[in-house]
Amino acid sequence: MLKLAAKFFVTVTALFCLVSTIAFSSVKISLLSFISSDPTRTDSLLYVMSMENQALKSILPEGYERSFGRDALELFTNINLRNMKSFLISEIPGLNAATPKIIVAGKGTDFTNLPIESPPPADFDVYEGEEYTEEKPAEVPQTKDQAVFIYSTHSTESYLPMLPGVTDPNLAWHKEKNVTLLGKRLGEKLEEKGIKTLVNNKDIQGILKKRGIGYEQSYVASREVVVEAMKQNKQIQYFIDIHRDSLRKGKTTTTINGKKYAKCLFVVGEAHPNYEKNSEFATNLHHAIQNKYPSLSRGVFGKSKAGGNNGIYNQDLAENSILIEIGGVDNTKEELDRTVDALADVISEYYWGETTEVNK
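The name given to the protein in an unreviewed UniProt entry is Stage II sporulation protein P, with Siminovitchia terrae as the source organism.

Encoded structure:
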């Protein structure tokens, strides 16, 4: 009887150890998955751990909103009470795939404030009552020193403060007051810093209307613009497509040294073989911005085929091709201009630093 009891005890102890090991491994894997899927979640993990080790509180972000219940819930269930989408993402097939991936998170960037694609203007209503004449492409002079090409695929994306009387964010479109003004300013600022820049303000949406094709073909039309520039300007090194986000002002605005800026973010299409070079370029710019203008960049986001436009965004045409979203529908011209100037500052420093390294 004693031997039987001993065997039973040994068996139960062994099973307990085995189950504990499996459970610990599962928790470890869950934690690693939790952190790797979104680097900003480390804050939640650190806060939970800081309940035991007070020293960890010193490395939490300044102003971090502490809530043990919220952080513990998100840590162990991946559910974020501030975003209903987190309740559904694991239950609805395809929802996770269609969500942009955070390659590098900027300050305050998490699952709750991912970039939102702007809805297309209804039947190109920005051209209502007028005929659009597609101009013959202008001959671009052959040069050896134009280093940057700037354009806007969604050329009519605009901002509510630029449109008196318009309050609906879904109507923030205009054929003149739009993101092409930011591209023009960025080109001028880069030129001032000695970088030859070609800015193309071709009205892509006007082209689509003239040809009778849908808004979803925007990147097909803008691809022609990029290819033409590449043919006639062999030395272009950086290709920048300017857009704006549809998130509201609280998510797209920051204050630096007492002045308000429109936040920016970088989008990299991952559905082509050479996207790593573009991702590296965007990541380098993000870190450069963070060093000089903390909180200005929302980070670098990757989009797959499920993310729309086949996850390419014309970025397969050349290395150092990126899409930059500047601000959201509520940002003012002053906030946008400050951000454009900051981008020009960082891009020029990166360009001249890279040029110096190449010459060495």
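So, on to the packing of helix α6 (residues 204–211) against helix α7 (residues 218–232). A pair of packed helices is characterised by two quantities: the angle between their axes and the separation of those axes. Between α6 and α7, whose axes approach to 9 Å, the crossing angle comes to 115 degrees. Judged on the interaxial angle alone, α7 and α6 are roughly perpendicular. Handedness of the α6/α7 crossing: right-handed. Contacts between α6 and α7 involve Ile204, Gln205, Ile207, Leu208 and Arg211 on the former and, on the latter, Ser218, Ala221, Ser222, Glu224 and Val225.

Moving on to the side chain of Thr252. Within the secondary structure layout, Thr252 lies in helix α8 (residues 249–252). Those residues within four positions of Thr252 in sequence are excluded, and the remaining contacts are Leu247, Tyr261, Ala262, Lys263, Arg298, Gly327, Gly328 and Asn331.

For α6, the complete set of buried residues consists of Ile204, Gln205, Gly206, Ile207 and Leu208. Buried residues along α6 sit in contact with α7. One side-chain oxygen at the N-terminal end of α6 lies 3.4 Å from the backbone nitrogen of Gln205; it belongs to Asp203.

Time to look at α7. Along an α-helix, a turn takes 3.6 residues, which lines up residues three or four apart on a common side. With 15 residues, α7 extends 22 Å from end C-alpha to end C-alpha; this agrees with the ideal 21 Å at 1.5 Å per step. Here α7 has its buried residues at Ser218, Tyr219, Ala221, Ser222, Val225, Val226, Ala229 and Gln232. The buried residues of α7 occupy one face: seen down the axis, they fall within an arc of 160 degrees. Residues of α7 that are buried sit in contact with β2 (146–151), β3 (196–199), α6, β4 (238–243) and β9 (321–326).

Calculation notes
Residues numbered from 1 in each chain as written. Predicted model: local features only at pLDDT ≥ 70, side-chain atom pairs only at ≥ 80, totals over all residues. Heavy atoms only, no water. Axes fitted to C-alpha atoms, helices over the stretch in contact; angles between N-to-C directions. Helix = DSSP H or I, 4+ residues; strand = E, 2+ residues; numbered from the N terminus. Parallel < 35°, antiparallel > 145°, perpendicular 65-115°, else oblique. Left-handed = near helix turned anticlockwise from the far one by under 90°. Contact = heavy atoms within 4.5 Å. Buried < 20%, exposed > 50% of the residue type's maximum accessible area, 1.4 Å probe, protein only. Polar contact = N/O pair within 3.5 Å; in protein donor to acceptor, adjacent residues only side chain to side chain. Expected span 1.5 Å × (residues − 1). Arc of directions from axis to C-beta.

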